[in-house]
Amino acid sequence: MTGIGTKLATGAGWMALLRLSERGLGLVSTIVLARLLVPEDFGLIAMAMSLIAMLQLLEGFNFDIALIQNQRTERHHFDTAWTINMLLGGTSALVLFLLAGPVADFYSEPRLTAVVEILSVGLLLVGFRNIGVVAFRKDLDFNKEFRF
């Protein structure tokens, strides 16, 4: 194999391991939650997550691909992408927080207000994720992303 072929095959292996790890953690957390929560609580989370899923459509404006494709990316490109992602995360969190009451009224579930407000903090934090991970993908250095 050539240098790029070897790098690509190794990267694919690391990405597969990363996805398996993520899915495994998700399965374990679901099993733990199944033991701790009653079915009504799962319904409450499902209601909140349906709203979050709609707001995550904004993540379609992901700048990771543009940073990877541009061969001349510089630090200021990464800084700009991080800033825009942060603003989108903050806006999504604010919208979710403001919709907490109306969504709880729509579903006639007053407990939903607090759940949605708490989950809005998660959206805010996602906006601050490290944009430098994109450089690992750009360089096909997926083992660094896995370790991160």
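All of these numbers come straight from a predicted model, not from anything done at the bench. (Residues numbered from 1 in each chain as written. Predicted model: local features only at pLDDT ≥ 70, side-chain atom pairs only at ≥ 80, totals over all residues. Heavy atoms only, no water.)

A.B. asks: How should the overall build of the chain be read in this particular structure?
C.D. replies: Regarding its fold elements, the chain presents seven helices and zero strands. Mapped from its N terminus to its C terminus, the chain presents α and β elements in the order α-α-α-α-α-α-α. For 148 residues, the compact-globule estimate of 2.2 N^0.38 gives 15 Å, and the C-alpha radius of gyration of the chain, at 19 Å, exceeds that figure by more than 25%. For the chain, the spread of C-alpha atoms along the three principal axes comes to 60 × 35 × 20 Å. (Helix = DSSP H or I, 4+ residues; strand = E, 2+ residues; numbered from the N terminus. Rg over C-alpha atoms; globule rule 2.2 N^0.38 Å.)

A.B. asks: What am I meant to see in the nonpolar core here?
C.D. replies: Buried together is how nonpolar side chains tend to be arranged in soluble globular proteins. A48, L51, L96, L112, V116 and L123 are the most contacted members of the largest nonpolar core, which has 14 residues in total. For this core, the elements supplying multiple residues, two or more each, are α2 (39–55), α4 (75–107) and α5 (111–126). With near-sequence residues (within four places) excluded, V116 lies in contact with A48, L51, L96 and A100. Ranked by size, the runner-up nonpolar core spans five residues in total, among them L67, F78, A81 and I131. (Core = buried A, V, L, I, M, F, W, Y, C linked by side-chain atoms within 4.5 Å. Buried < 20%, exposed > 50% of the residue type's maximum accessible area, 1.4 Å probe, protein only. Contact = heavy atoms within 4.5 Å.)

A.B. asks: How do you make sense of a nonpolar patch on the surface when you look at a structure like this?
C.D. replies: Taken together, the side chains of V28, V32, L33, L36 and F42 present a nonpolar region at the surface, about 450 Å² in accessible area. The biggest single contributor to the nonpolar patch is helix α1 (residues 3–36), with four residues. Within the secondary structure, V32 sits in helix α1. (Patch = residues over 30% accessible without salt bridge, like charges linked within 9 Å, V, L, I, M, F, W, Y side chains within 5 Å. Areas by Shrake-Rupley, 256 points an atom, 1.4 Å probe, with all protein chains shown as cover. Salt bridge = Lys/Arg side-chain N within 4 Å of Asp/Glu carboxyl O.)

A.B. asks: Looking at this model, I keep getting lost on the confidence of the model for the chain. Mind explaining?
C.D. replies: Reading predicted coordinates in detail is not appropriate for stretches of low pLDDT. Mean pLDDT over the chain stands at 83; residues scoring 70 or higher make up 96%. Mean pLDDT in the chain bottoms out at helix α7 (residues 142–147), which sits at 74, and peaks at α5, which reaches 91. (pLDDT = per-residue confidence, 0-100.)

A.B. asks: Please clarify how α1 should be interpreted in this entry.
C.D. replies: An α-helical turn contains 3.6 residues, so a residue and the one three or four places further along point in the same direction. Spanning 34 residues, α1 covers 49 Å between terminal C-alpha atoms, matching the ideal 50 Å at 1.5 Å per step. G11, M15 and L18 are the residues of α1 that are buried. (Expected span 1.5 Å × (residues − 1).)

A.B. asks: Would you take a moment to explain the environment of L33 for this structure?
C.D. replies: Relative to the elements of secondary structure, L33 occurs in helix α1. When its relative accessible area of 39% is taken as the criterion, L33 is described as partly exposed.

A.B. asks: How should I be thinking about the layout of surface pockets in this particular structure?
C.D. replies: By volume, the largest pocket is sized at about 300 Å³. Around the largest pocket sit 14 residues that line it, and R129, N130, V133, R137 and E145 are the ones nearest its centre. Where the lining of the largest pocket is concerned, the elements lending two or more residues are α1 and α6 (133–138). Here the residues of the lining of the largest pocket are counted per class, giving five nonpolar, three polar and six charged. (1 Å grid on protein atoms, 1.4 Å probe; cavity = no way out; pocket = protein on both sides within 12 Å on 5 of 7 lines; lining within 4 Å. Points joined across faces, edges and corners; volume = space filled by probe spheres on them. Nonpolar A, V, L, I, M, F, W, Y, C, P; charged D, E, K, R; others polar.)

A.B. asks: I keep staring at the packing of aromatic side chains and nothing clicks. Help me out?
C.D. replies: Within a pair of aromatic rings, the relevant descriptors are the distance that separates the centres and the angle that separates the planes. Applying the stated rule across the entire model yields two aromatic pairs. For the ring pair F106 and Y107, a centre distance of 5.1 Å and an interplane angle of 80 degrees mean the geometry is edge-to-face. The exposed category is assigned to F106, whose relative accessible area is 67%. (Phe/Tyr/Trp six-rings, centres within 6.5 Å; stacked < 30°, edge-to-face > 60°.)

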